[in-house]
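# Inside the fold
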Amino acid sequence: MFNDATNYAQQVDEVMLFIVISSVILLLIVTVAMIYFVIRYNKKRNPVASQISGNTKLEVFWIAIPTVLVLFMFYFGYAIFHESRVVPKGALIVKVVGRMWEWKFEYNNGKDSKELYLPSGKPVKLELTTLDVNHSFYIPAFRIKEDVVAGRENYMVVLPQKLGTYDIVCAQYCGFHHSLMHTYLHVVSNDDFMKWLGTKDSLESNNRFQEYYPVKKLLAKN
Amino acid sequence: MENADTASYVDFYHAEGKHKGILSWLLTTDHKRIGLMYMCSMMTFMLIGMTLGVLMKIEMLTPGKTIVSAQTYNAMFTLHGLIMIFLFIIPGLPAIFGNFMLPLQIGARDVAFPRLNLLSWYFYMTGGIFAILSLFLRGGPIDTGWTFYIPYSIRTGTDVILPLLAAFILGFSSIITGINFVTTIHRMRAPGMGFFKMPLFVWSLYATAWIQIIATPIIGITIILVIIERLFQMGIFDPALGGDPLLFQHLFWIYSHPAVYIMILPAMGAVSEIIPTFAKRTIFGYKAIAYSSLAIAFIGYFVWAHHMFTSGISETSRFIFSLLTFLVAIPSGVKVFNWVATLYKGSITPGVPLLFVMLFVFLFSIGGLTGLVLGSLATNAHLHDTYFVVAHFHYVMFGGTVMIFFGALHYWFPKMFGKMYNEKIAKWTIPVIFVGFNMLYFTMFILGYEGMPRRYWDYLPKYQTLHVISTVGSWILVTGIIIMLVNLINGLRKGPKAPMNPWGGKTLEWTVPSPPPVYNFEEIPVITHGPYYYGGEEEK
Ligand code: HEM
Ligand SMILES: [Cu+2]
Ligand SMILES: [Cu+2]
């Protein structure tokens, strides 16, 4: 189940596992007890019901235990999440610009790209803005998203680790081709990244929008 | 008492009134007739909504286009959401069973304001008709999603104003019903029925009514502001004009989160009725259940921003709203524990309504527990706005409220119509619904965890297998629901006559004939016991 694309993603999965396991236990207790009672205290086996109107100790018990449990879940989730909000010193800054229905990435040397290239092992602050409506910048493999809200600049911190190509999708509904607002994240070694950064703009892309609407067709339409 | 069945009386269907035929319905002020009119209209909308849902799932069979274009798909999930939320599940149990049963359960002859009650049905219908009309006028079917997020809802070329007006009018229907119920509960309880002798369904209606009264005006104001923004470009929400789109999201969820409790609380109330009746014993922890309704209604106001964890709100807000979200889970948990404890040492007949309750407890628990996954900040940033959320809210609203809607229908059917349905067939629909439901929605949890966002017309090929399973599940589910409904309709047409108290319930609706006479009670009863008194010592 664990996702090792980044350290952070792995920790998110740990939080998830913790909550899911506790939940499954609670669900089993409730369901098994319910089914057992319905069978065990069936009218035939138990013709006369006992009129039990409550039990304060039991009530306190099943308020207290879940409260402690959920507080723990809360804290665990918050503590991990907090990491993704702290911008480390010296983080690489990349501007992410969303618009209906594509992403563009701007690096501080002036280079623009339709696909996101990031060096492995270096923290990155992604500054998220949109030219039109709201979008949401989501990298499923990194277990993180942040909305791109009209009129504001949101941010997200990632620390790419494993080399590879990952999907980037839009998670906030943004109209007609919301589902095609897709591109790729390439995590490459630092050397490859520096080499790539030195080349000229790469506004070609193989994302899903282009599959449906190749750039030529799009230009012809407008 | 038992032979009151056969004693001569005229039930409310046959009683002579001022009007005849269809007018005896359209101009009625009888809470029972109004409840039934709500039932007919809401079930029609429910069926339209389900049809849209099934069509959406068929579209999801293959990546890319299967049957409809992206634009049509966007309109379909918007409409599906709007219908299910505003026309079906928010009026929900209160409008049907609340109207029909509230006066009966508290020993009253009608609600406090019978004419207002009729007016609220007309508001409801006007809203529904506006929503339908909007599909055929000007810009075509709205495509914003049921959440109307700005700026998209200001930019889209489709018609947003009419559906917004529809929601606005429906809001009035909701507020009026709320005021009516609060007044009725305060003023019209039978002598001897203190607040802590009220049936728990009444308690839940009471808590719900307060949310309806207090929260609904906020969506009303928000809607008006969006309309103003769209018509006059005022610059309230649109950042291009100096407005703030997050302000909209706050206002929207300040209503729409409490609205989730408008949807679920009455269902929880109905569960608290059904379990004692079929376990033949008093409810475990009456006060805990009653207070937890109020606690949910109250804390429910302070968790709205958990829908906005990824919208760029401050880390402090994320911290606080996440914490409160975890806390609001506790009273719901308390209810579940109390229900299960009520089965302990009961003398249980597993009748159809109880089986629906068991289905509910299982599905609703999954819905609630996955809410914890979404409430945690770390996992929320991954799962928010993915299919995980779609699964979560269907487990809560469909697995929770709608299953109890079905359960309540089977529970009060004999009282409402004076007929019985075929219990054997009804029992067999439950496993079908169970299998279909979990195939349809459990797969969505996995899809979401794997990163498939919601409101997607197209998807990456790796998600296809799960979508196919899910779509087949939707067919099984609706087959179960159709059999269930046909069985009820058959019961209505040619079922045997139902006795006054087929399940051996103790609340007051079971002390009047089925179906009840126009003014419910010959003589207003005097209450001496709690609502679920099956003998023995009573807690004071
Ligand atoms: C046969 C039954 C149903 C099926 C097959 C179904 C299916 C679906 C599907 C496929 C989606 C949209 C997924 C997406 O693209 O994001 C959806 C969304 C939704 N459903 Fe259902 N559903 C059903 C019943 C219900 C019920 C009973 C309710 C509520 C009581 C409900 C409430 C909603 C809401 C609020 C949305 C969100 C709409 C939006 O994103 O704006 N559905 N449903
Ligand atoms: Cu989008
Ligand atoms: Cu909410």
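About the thresholds
- In every chain, residue numbers begin from 1 and rise along the written sequence.
- As they are written, the chains are lettered A onward and the ligands numbered 1 onward, keeping that order.
- Only residues with pLDDT of 70 or above have their local features reported here, since the model is predicted, and side-chain atom pairs are shown and tallied only from 80 upward, although totals for entire chains, interfaces and linings are computed over all residues.
- Excluded from the side-chain calculation are hydrogens and water; included are all heavy atoms of the structure.
- Think of it this way: any DSSP run of H or I at least four residues long counts as a helix, any run of E at least two long counts as a strand, and we number them from the N terminus.
- The globule rule used here is 2.2 Å times the number of residues to the 0.38 power, and the radius of gyration it is set against is calculated over C-alpha atoms.
- A simple rule labels every residue: compare its accessible area, found with a 1.4 Å probe on the protein chains alone, to the largest value its type can have, and call it buried under 20%, exposed over 50%, or partly exposed in between.
- Note on definitions: a residue-residue contact is assigned when non-hydrogen atoms from the two residues lie within 4.5 Å.
- Note on areas: Shrake-Rupley with a 1.4 Å probe; residue coverage comes only from the protein chains shown.
- Donor atoms: N, O and S within 2.8 Å of the metal, or within 3.2 Å for Na, K and Ca. Because water is excluded, sites can look incomplete.
- Every angle between 85 and 135 degrees makes a four-donor site tetrahedral, while opposite donors more than 155 degrees apart, with all other angles between 65 and 115, make a four-donor site square planar and a six-donor site octahedral; other sites are irregular.
- Only heavy atoms are used to decide nearness, and a residue is near a molecule or strand if one of them lies within 4 Å of it.
- As used in this structure description, the phrase polar contact means that two N or O atoms lie within 3.5 Å; if the pair is within protein, one of them must be able to donate a hydrogen and the other to accept it, and residues adjacent in sequence are counted only when both atoms belong to side chains.
- Any residue outside Ala, Val, Leu, Ile, Met, Phe, Trp, Tyr, Cys, Pro, Asp, Glu, Lys and Arg is labelled polar, Gly included; the first ten of those are nonpolar and the last four are charged.
- DSSP calls a pair of strands paired once it identifies at least 2 bridges connecting them.
- What counts as an axis is a line fitted to C-alpha atoms, over the stretch in contact for a helix, and the angles between N-to-C directions run from 0 to 180 degrees.
- Two parts placed together each lose some accessible area; with a 1.4 Å probe, that loss summed over both constitutes the buried area.
- A side-chain nitrogen of Lys or Arg and a carboxyl oxygen of Asp or Glu constitute a salt bridge if their distance falls within 4 Å.
- Each domain's extent was defined by an automatic or database domain assignment.
- Only Phe, Tyr and Trp rings take part, Trp by its six-membered ring, and two of them pair if their centres are within 6.5 Å. Stacked means planes under 30 degrees apart, edge-to-face means over 60, and tilted covers everything else.
- Only lysine NZ and arginine CZ atoms are considered, and such an atom sits over a ring when it is within 6 Å of the ring centre and within 35 degrees of the ring normal.

### Some remarks on the overall build of chain B
Of regular secondary structure, chain B possesses 16 helices and zero strands. Taken over the C-alpha trace, chain B has a radius of gyration of 23 Å; the compact-globule value for 540 residues is 24 Å, and the two agree within 12%. Based on the C-alpha atoms only, the size of chain B along its principal axes is roughly 70 × 45 × 45 Å. Looking at chain B as a whole, 66% of its 540 residues are labelled buried. Counting only contacts in chain B whose residues sit at least 6 apart along the sequence, the fraction spanning at least 24 positions is 82%. About 17,800 Å² of surface is accessible on chain B, with carbon and sulfur atoms providing 71% of the total.

### Looking at the coordination of the copper ion (ligand 3)
All names here are of chain B. Distances from the copper ion (ligand 3) to its protein donors, namely His257 (ND1), His306 (NE2) and His307 (NE2), fall within the range 1.6 to 2.5 Å. Spacing between the donor residues of the copper ion (ligand 3) along the chain follows H-x48-H-H. Of this pair, histidine 257 sits in helix α9 (residues 245–279) while histidine 307 sits in the loop between α10 (286–299) and α11 (315–343); the two residues are 50 residues apart in sequence, bridging distant segments of the chain. Assigned by exposure class, histidine 257 and histidine 307 land together as buried.

### Topic: the coordination of the iron atom of ligand 1
All names here are of chain B. Around the iron atom of ligand 1, the donor atoms from the protein are His80 (NE2) and His394 (NE2), and they sit 2.0 Å away. The site at the iron atom of ligand 1 holds six donor atoms, and with the angles between them running 85 to 180 degrees, its shape is octahedral. With histidine 80 in helix α3 (residues 70–89) and histidine 394 in helix α14 (residues 387–417), this residue pair connects regions lying 314 residues apart in the sequence. Accessibility classification places histidine 80 together with histidine 394 in one group, the buried group.

### Overview of the site of ligand 1
Residues and elements named next belong to chain B. Neighbouring residues of ligand 1: 27 residues in total, closest Tyr73, His80, His394, Arg454 and Arg455. The contact in question runs from an oxygen atom of ligand 1 to an N or O atom on the side chain of tyrosine 73, over 2.6 Å. Tyrosine 441 is positioned such that a nitrogen or oxygen atom in its side chain is 3.1 Å from a nitrogen atom of ligand 1. Breaking the shell around ligand 1 down by element, the ones donating at least two residues are α2 (31–59), α3, α14 and α15 (423–449). Class assignment for the residues of the shell around ligand 1 results in 19 nonpolar, five polar and three charged.

### Regarding the side chain of B:Asn438
Within the secondary structure layout, B:Asn438 lies in helix α15. Not counting chain neighbours up to four residues away, the residues in contact with B:Asn438 comprise B:Phe362, B:Leu363, B:Tyr395 and B:Thr443.

### What to know about the sheet that holds strand β9 (residues 164–170) of chain A
All names here are of chain A. Spatial strand order, β4-β10-β9-β6-β7: five strands in an open sheet with mixed pairing. What marks the edges here is a single partner per strand, and that holds for β4 (116–119) and β7 (144–148). On average, each strand axis in the sheet is tilted by 25 degrees relative to the strand beside it, whichever way the strands run. Both strand β6 (residues 135–139) and β9 contribute to a ladder of two bridges, which runs antiparallel. What sits directly across from tyrosine 138, in β9, is valine 169. Where helix α3 (residues 190–198) meets the sheet, its contacts fall on β4 and β10 (182–188), and the angle it forms with β4 comes to roughly 135 degrees.

### Observations regarding the interface of chain A and chain B
Chain A puts 79 residues into the contact, and the matching count from chain B is 88 residues. In total, about 7,100 Å² of surface goes out of reach between chain A and chain B, with carbon and sulfur atoms giving 66% of it. Three residues, A:Gln51, A:Phe74 and A:Tyr173, lead the burial of chain A against chain B; their summed loss comes to 11% of the area buried on that side. Here chain A is connected to chain B by two salt bridges. Across the salt bridge formed by A:Asp167 and B:Lys462, the nearest N and O atoms sit 3.7 Å from each other. Connecting chain A to chain B are 31 residue pairs in polar contact (both at pLDDT 80 or more).

### Overview of the domain arrangement of chain A
Residue and element names in this part refer to chain A. Split by domain assignment, chain A resolves into domain 1 (7–83) and domain 2 (92–221). Here the C-alpha centre of domain 2 lies 41 Å away from the C-alpha centre of domain 1. Facing the five residues of domain 1 at the interface are five residues of domain 2. Carbon and sulfur atoms supply 49% of the area buried between domain 1 and domain 2, which totals about 430 Å² over both sides. If you sort the residues of domain 1 by the area they bury against domain 2, Asn7, Tyr8 and Ala9 come out on top, with a joint share of 62%. In this assembly, domain 1 and domain 2 are joined by one salt bridge. Put simply, arginine 143 and aspartate 13 hold a salt bridge, and the shortest N to O gap is 2.9 Å. At the junction of domain 1 with domain 2, the criterion picks out two residue pairs in polar contact (both at pLDDT 80 or more). Looking at the side of domain 1 that touches domain 2 residue by residue, the classes come out as three nonpolar, one polar and one charged.

### Digging into the packing of aromatic side chains
Within this structure, the stated rule accounts for 69 aromatic pairs over all chains. An angle of 80 degrees between the planes, with centres 5.6 Å apart, marks the rings of A:Tyr41 and B:Tyr344 as edge-to-face. Here A:Tyr41, found in the loop between α1 (7–40) and α2 (56–83), pairs with B:Tyr344, found in the loop between α11 and α12 (352–375), and the two come from separate chains. Between A:Tyr107 and A:Phe193, the ring centres sit 6.0 Å apart and the planes meet at 55 degrees, which makes this aromatic pair tilted. With A:Tyr107 in strand β2 (residues 102–107) and A:Phe193 in helix α3, the pair connects residues that are 86 residues apart, well separated along the chain. A:Phe193 carries the same exposure label as A:Tyr107, and that label is buried. Ring pairing ties together the aromatic residues B:Phe88, B:Phe97, B:Phe201, B:Phe278, B:Phe356, B:Phe405, B:Phe406, B:Tyr411, B:Trp412, B:Trp503 and B:Trp510, which thus form one cluster. It is A:Arg85 that lies over the ring of A:Tyr155; its NZ or CZ is 4.1 Å from the centre. Sitting over the face of the ring of A:Tyr155, A:Lys125 holds its NZ or CZ atom 5.3 Å from the ring centroid.

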